[in-house]
Amino acid sequence: MFWNKEEKRFSWLFIILVVYSTIALVIFDLAWRHVQMSFLNLVAISMICWTLGAGAIYFKGR
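What this report covers is the structure whose coordinates are included nearby. Keep in mind it's a predicted model, so treat the numbers as computed, not measured.

## Focus: the environment of L52
Here is step 1: Mapped onto the elements, L52 comes out in helix α2 (residues 39-61).
Here is step 2: Assessed through its relative accessible area of 61%, L52 is described here as exposed.
Here is step 3: Sequence separation between L52 and I16 is 36 residues, and the spatial gap between their C-alpha atoms is 15 Å.

Rendered as structure tokens:
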């Protein structure tokens, strides 16, 4: 899944998931600085959103 053996490089699905995770962390940091919410609630909401997004990317990429 993560390594393309024919072309000897990372698969596009892995690269897209890494970029998606990086963008999600930047958005989380921005929300943490600007939203008046407890940290644990923000983490829980962020993890749910990230899981749904990563799952959609994974199943679309298969």
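## A short note on the pattern of salt bridges
As a working rule, side chains carrying opposite charge can pair if their charged atoms are close by.
Here is step 1: Scanning all chains against the criterion turns up 2 salt bridges.
Here is step 2: Among the ionic pairs, R9 bridges to E7, the shortest N-O distance being 2.7 Å.
Here is step 3: For D29, the salt bridge identified is with R33, shortest N-O distance 3.1 Å. One end of the pair is D29 and the other is R33, both in helix α1 (residues 12-34) and 4 residues apart, which spans about a single turn.
Here is step 4: Relative accessible area serves as the criterion here: at 30%, D29 is assigned to the partly exposed category.
Here is step 5: For R33, a relative accessible area of 62% translates into the label exposed.

## Side note on the packing of α1 against α2
Here is step 1: Where α1 contacts α2, the two axes come as close as 10 Å, and the packing angle between them is 160 degrees. Classified by the angle between their axes, α1 and α2 sit roughly antiparallel to one another. At the point where α1 passes α2, the crossing takes the right-handed sense. Contact residues: α1 offers L13, I16, L17, Y20, S21, A24, F28, A31 and W32, while α2 offers F39, L42, V43, S46, C49, W50, G53, A54, I57, Y58 and G61.
Here is step 2: Residues of the contact of α1 with α2, tallied by class, amount to 16 nonpolar, 4 polar and no charged.

## Some points on a nonpolar patch on the surface
Here is step 1: Taken together, the side chains of F2, W3, F10, W12, I15, I16, V19, I23 and I27 define a hydrophobic patch exposed on the protein surface, amounting to about 920 Å² of accessible area.
Here is step 2: A per-element tally of the nonpolar patch places α1 first, with 6 residues.
Here is step 3: In this structure, F10 sits in strand β2 (residues 9-10).

The rules behind the values
- Residues numbered from 1 in each chain as written.
- Predicted model: local features only at pLDDT ≥ 70, side-chain atom pairs only at ≥ 80, totals over all residues.
- Heavy atoms only, no water.
- Helix = DSSP H or I, 4+ residues; strand = E, 2+ residues; numbered from the N terminus.
- Buried < 20%, exposed > 50% of the residue type's maximum accessible area, 1.4 Å probe, protein only.
- Salt bridge = Lys/Arg side-chain N within 4 Å of Asp/Glu carboxyl O.
- Axes fitted to C-alpha atoms, helices over the stretch in contact; angles between N-to-C directions.
- Parallel < 35°, antiparallel > 145°, perpendicular 65-115°, else oblique.
- Left-handed = near helix turned anticlockwise from the far one by under 90°.
- Contact = heavy atoms within 4.5 Å.
- Nonpolar A, V, L, I, M, F, W, Y, C, P; charged D, E, K, R; others polar.
- Patch = residues over 30% accessible without salt bridge, like charges linked within 9 Å, V, L, I, M, F, W, Y side chains within 5 Å.
- Areas by Shrake-Rupley, 256 points an atom, 1.4 Å probe, with all protein chains shown as cover.

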